[in-house]
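# Chains, contacts and geometry: an overview
Each chain, letter by letter, is given below.
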Amino acid sequence: MPRGFFKNPNDLATYLVLYLPFIYVLGRYLSRKLSTFTFFPVLLLAAGTGIYLILQTGSRANMIALVPMALAAVALYLIQSRYKALRNITFLSIALVMGYSCMTSCVPEFANWSNRQYRIASHHLSTLEYAGGQESARVVLYRNAVTELKAHSFMGVGAGNAEEHMKKYRTGTFRILALHNWWLEILANYGIFVFVLYLTFYVKLLYELFVVAVRAGQGLLRVLGESCLLALVGFPIAAVSSSSLIYARFMWILFGIALCVVNIYQVGLKREEGDSL
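Conventions adopted
Residues numbered from 1 in each chain as written. Predicted model: local features only at pLDDT ≥ 70, side-chain atom pairs only at ≥ 80, totals over all residues. Heavy atoms only, no water. Helix = DSSP H or I, 4+ residues; strand = E, 2+ residues; numbered from the N terminus. Expected span 1.5 Å × (residues − 1). Buried < 20%, exposed > 50% of the residue type's maximum accessible area, 1.4 Å probe, protein only. Contact = heavy atoms within 4.5 Å. Axes fitted to C-alpha atoms, helices over the stretch in contact; angles between N-to-C directions. Parallel < 35°, antiparallel > 145°, perpendicular 65-115°, else oblique. Left-handed = near helix turned anticlockwise from the far one by under 90°. Nonpolar A, V, L, I, M, F, W, Y, C, P; charged D, E, K, R; others polar. Salt bridge = Lys/Arg side-chain N within 4 Å of Asp/Glu carboxyl O. Core = buried A, V, L, I, M, F, W, Y, C linked by side-chain atoms within 4.5 Å. 1 Å grid on protein atoms, 1.4 Å probe; cavity = no way out; pocket = protein on both sides within 12 Å on 5 of 7 lines; lining within 4 Å. Points joined across faces, edges and corners; volume = space filled by probe spheres on them.

The end-to-end C-alpha distance of helix H2 (residues 39-57), which contains 19 residues, comes to 27 Å, matching closely the 27 Å that a straight helix rising 1.5 Å per residue would cover. Listing the buried residues of H2 in full gives Leu43, Ala47, Gly50, Ile54, Leu55, Gln56 and Thr57. Turning to H2, the residues buried within the fold contact helix H1 (9-30), helix H3 (60-81) and helix H5 (108-126). Phi turns positive one or two residues past the end of H2, at Gly58, with a value near 75°.

The following block contains the structure:
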């Protein structure tokens with residue numbers, strides 16, 4: 001399984017999920033002009049390679065995260081361009097179906113390869129039915145974390161202390177310490193109040209990025225705002241795949257870019273309001 005420069009395949013898959021929207025959004029805007037259209041095939045190939053690598057990692061949460069991101073991308077495109085977007089989506093869907101049918105019928109190797117990728121994805125996703133079992137690793141970790149949370153009056157065990165507290169639950173057959181869930185990690189380490197504040201911050205950031213994606217003029221600010229919005233739509237699901245994201249620089253960089261985009265947009269609005277006055 002590919003892992004790139006990361007410690008495990010799940011981290012690579014999460015990184016790809018969070019940054020593939022930048023390639024998609026940039027490619028969509030560059031394809032509008034003939035002078036920049038030549039970059040579109042390169043970006044399309046890069047996006048396809050990223051999705052292929054996610055399938056090869058076997059990271060189930062990141063595979064699923066691609067679905068709401070794709071739906072959000074379509075919905076946002078329809079809101080931005082309406083009739084034009086509906087026409088383009090219909091034309092592209094027909095072209096993709098026809099192209100895939102022609103490739104599978106004319107090139108047997110491509111048909112075998114695509115069927116293999118489908119079987120790989122189906123196999124990994126089919127194992128989700130066992131992930132919710134009472135004795136599955138994730139359920140055991142969730143149960144242990146909640147037990148510690150209750151023992152500390154729902155105020156958290158302290159920043160970075162969750163894994164230390166998980167040591168008391170180790171057995172001869174179960175020795176996992178990392179919670180493998182970013183949301184559970186915040187809840188266990190910092191408590192219910194910080195968790196609610198973090199969730200409020202996340203939802204508010206999503207809304208503000210949506211405003212930027214819809215109302216900002218054409219340019220880099222809109223590209224970055226739309227990219228961050230799509231990435232953060234998939235983030236809640238992708239964040240439950242890695243053992244821990246606290247040391248994942250790519251996550252903090254993404255949130256940093258999103259906050260910069262929102263701040264620059266709001267400063268620009270205040271400046272425009274001041275000029276109009």
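Right, picking up where we left off after that structure.
With that settled, the discussion passes to helix H7 (residues 137-151). Taking 1.5 Å as the rise per residue, H7 with 15 residues should run 21 Å; its terminal C-alpha atoms sit 21 Å apart, in good agreement. Regarding H7, the residues found buried are Val139, Val140, Leu141, Asn144, Ala145, Val146, Glu148 and Leu149.

With that out of the way, let us pick up the environment of Leu209. Its location among the elements puts Leu209 in helix H9 (residues 182-215). Overall, the relative accessible area of 0% leaves Leu209 in the buried class. On a C-alpha basis, the gap between Leu209 and His124 in space is 33 Å, while along the polypeptide they are 85 residues apart. Not counting residues within four places of it along the chain, the set of residues in contact with Leu209 comprises Gly225, Cys228, Leu229, Leu232, Ala258, Val261 and Val262.

In this structure, Leu20 sits in helix H1. Taking the C-alpha atoms as reference points, Leu20 and Met69, separated by 49 residues in sequence, lie 10.0 Å from one another. If we skip the residues at most four places from it in the chain, Leu20 touches Ala46, Ala47, Gly50, Ile51, Ile54 and Leu66.

It is worth spelling out the packing of H3 against H9 at this point. Interaxial distance between H3 and H9 falls to 9 Å at its minimum, and their mutual angle equals 45°. It follows from the interaxial angle that H3 and H9 lie oblique. In this structure, H3 meets H9 at a crossing whose hand is right-handed. Side by side, H3 and H9 meet where Leu76, Ile79 and Gln80 of the first sit next to Phe210, Ala213 and Val214 of the second. Split into classes, the residues belonging to the contact of H3 with H9 amount to 5 nonpolar, 1 polar and no charged.

With that settled, the discussion passes to the pattern of salt bridges. On inspection of all chains with the given rule, the structure shows 4 salt bridges. Here Glu226 and Arg28 are joined by a salt bridge, their closest N and O atoms 2.3 Å apart. Residue Glu226 is located in helix H10 (residues 220-238), and its partner Arg28 is located in helix H1; the two are separated by 198 residues in the primary sequence. Here Glu226 and Arg28 have matching classes, each one buried. The partner of Lys204 in a salt bridge is Glu208, and the shortest N-O contact between them spans 2.3 Å. A residue pair is termed a helical-turn pair when its members lie 3 or 4 positions apart in one helix, as Lys204 and Glu208 do in helix H9 at 4 residues. Residue Lys204 is classed as partly exposed on the basis of its relative accessible area of 49%.

By size, the foremost hydrophobic cluster in this structure holds 35 residues, and its most contacted members are Trp182, Leu209, Leu232, Phe235, Leu245, Met251 and Leu254. Those elements that provide at least two residues to this core are H1, H9, H10 and helix H11 (249-276). With 13 residues, the single largest contributor to this core is H9. Once residues lying within four places of it in the same chain are set aside, the contact partners of Leu232 are Tyr202, Leu205, Leu206, Leu209, Leu254, Phe255 and Ala258. Counting residues in each nonpolar core, the second largest holds 12 residues, with Leu12, Ile54, Ala65 and Ala121 among its members.

Put simply, the largest pocket is a space of about 1900 Å³. Along its surface, the largest pocket is lined by 42 residues, and Tyr24, Phe40, Leu44, Leu92 and Leu96 are the ones closest to its centre. Elements represented by at least two residues in the lining of the largest pocket include exactly H1, H2, H3, helix H4 (83-106) and H5. Top element by residues in the lining of the largest pocket is H4. It accounts for 11 residues. Of the residues assigned to the lining of the largest pocket, the class counts are 30 nonpolar, 9 polar and 3 charged.

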